[in-house]
Amino acid sequence: MGSMVPFAKMNGLGNDIVVIDMRGRSDVVTPEAAIALASGERTGFDQIMAIHDIDLDGVDYRIDILNRDGSHAQACGNGTRCVVQALASETGRKSFTFRTLAGIVTAEEHEDGLISVDMGVPEFRWDRIPLAEEFFDTTRIELQVGPIDAPVLHSPSVMAIGNPHAIFWVKEDVWSYDLERFGPLLENHPIFPERANISIARVKDGQTLDLRTWERGVGLTRACGSAACAAAVCAARTDRTGRRVTVNVPGGPLHIDWRANNHVMMTGPAEWEFSGTVDPLTGAWQADEVDA
Ligand SMILES: N[C@H](CCC[C@H](N)C(=O)O)C(=O)O
């Protein structure tokens, strides 16, 4: 274990995040390391956010995002808030610009400790989400699970906000649907050539949604920031709500604002749990002494 780097176990509304500091190095966190860390009791995570140096004007860092299964994600809203909190406490700075696979992301910590992330602009075109078949109208596509004449979930709204998302609108309590059973089928459905994050959403009122998400490459999570953005945007796009909504995910509320300039702002908390060092090649790790 000659090559340890610092990490922090954090969470964003219960979305389990491991922030790994890869600055000053040219190697990467391997999928094998991710899978090993994911199976650990204290290091079990939904996403790894690996902070890398970048040589690009106006951009502070590149963030490499890995899911539990070692696959890469384009964006992670909750993880981005964790990265901002970690960097803000290190540097005293309040705002940061990152590059991810989804493009340039800016984020800012407020006086009250909450953090806003500009998640970019939504993508509704079928071939950009992507879907495997042409759908002109992505506000509701043909897709269902359950009995053919009485589907349990059907006609999701689909879009990408970096990541691909499908939002199934439901009438009953979001906890009354067996997302653990339907999630894997829908995540891997052939209509989604790059798989997709699968959510069920219930409109409470014109400013409030309840949401549960089965994340691509992860499974059920307590929060998914990009899914909250996708649900809010799709709700506004289909006149179910206004453009500023509170999205209640299992871990708590996220505030989403689909601004007039088409950018989606997500605001919520981040929480530090413990720190340690990890080998980015193998995932072997140890907690810092103070936590041991
Ligand atoms: N938890 C993340 C999203 C993870 C998406 C990832 N599961 C994928 O698209 O592969 C969030 O807060 O935005």
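Throughout this description, residue numbers start from 1 for each chain and increase along the sequence as written. Totals for whole chains, interfaces and linings use all residues, but because this is a predicted model, local features are given only for residues with pLDDT of at least 70 and pairs of side-chain atoms are given and counted only at 80 or more. With hydrogens and water set aside, each side-chain value is computed from the structure's full complement of heavy atoms.

By the naming in an unreviewed UniProt entry, the chain goes by Diaminopimelate epimerase and is assigned to Hoeflea halophila. UniProt positions are given in the numbering used here, feature names are shortened, and annotations may be inferred rather than shown by experiment. Word for word, the UniProt comment on the chain under Catalytic activity (unreviewed entry) is "(2S,6S)-2,6-diaminopimelate = meso-2,6-diaminopimelate". Taken directly from UniProt, the Pathway (unreviewed entry) text for the chain runs: "Amino-acid biosynthesis; L-lysine biosynthesis via DAP pathway; DL-2,6-diaminopimelate from LL-2,6-diaminopimelate: step 1/1."

Trainee: Just to check I follow, could you spell out the domain arrangement of the chain for this structure?
Mentor: In many reports, interface size means the accessible area that the parts give up when they come together. Where a domain begins and ends is set by an automatic assignment or by a domain database. Once the domains are mapped, the chain shows domain 1 (5-120 + 270-291) and domain 2 (144-262). If you average the C-alpha positions of domain 1 and of domain 2, the two centres end up 24 Å apart. Here the buried area means the combined drop in accessible surface, using a 1.4 Å probe, for two parts upon being joined, counting both sides. Regarding the contact of domain 1 and domain 2, the summed buried area is about 1400 Å², with carbon and sulfur atoms giving 49% of it. Among the residues of domain 1 in contact with domain 2, Leu13, Gln74 and Met119 are the three that bury the most area, contributing 38% of the side total. Just to be clear on terms, a salt bridge is a Lys or Arg side-chain nitrogen sitting within 4 Å of an Asp or Glu carboxyl oxygen. Here domain 1 is connected to domain 2 by one salt bridge. For the salt bridge of arginine 195 with aspartate 69, the shortest nitrogen-to-oxygen distance reads 3.3 Å. Pairs of N or O atoms within 3.5 Å make up the polar contacts considered here, provided that, within protein, one atom can donate a hydrogen while the other can accept it, and that residues adjacent in sequence are counted only when both atoms are side-chain atoms. For the interface between domain 1 and domain 2, the tally reads ten residue pairs in polar contact (both at pLDDT 80 or more).

Trainee: Whenever I open this one, the UniProt feature "active site" (unreviewed entry) in the chain confuses me. Can you help?
Mentor: UniProt feature "active site" (unreviewed entry): in the numbering of this structure it lies at Cys76 and Cys224. Considering the C-alpha atoms alone, the annotated residues occupy 149 residues of sequence yet fold into one spot, their largest mutual distance being 7.7 Å. Put simply, DSSP marks the helices as runs of H or I at least four residues long and the strands as runs of E at least two long, and each gets a number from the N terminus on. Along the chain, cysteine 76 turns up in the loop between strand E4 (61-67) and helix H2 (77-91). Setting aside residues up to four positions removed in sequence, cysteine 76 forms contacts with Asn15, Ile17, Gln47, Met49 and Ile65. Checked against the element boundaries, cysteine 224 lands in the loop between strand E14 (219-221) and helix H4 (225-237). Each residue's exposure class comes from its accessible area (1.4 Å probe, protein chains only) as a fraction of the maximum for that residue type: buried when under 20%, exposed when over 50%, partly exposed otherwise. Among the residues examined, cysteine 224 registers a relative accessible area of 5% and is labelled buried. Contacts were defined at the residue level, with two residues in contact if any of their heavy atoms lie within 4.5 Å.

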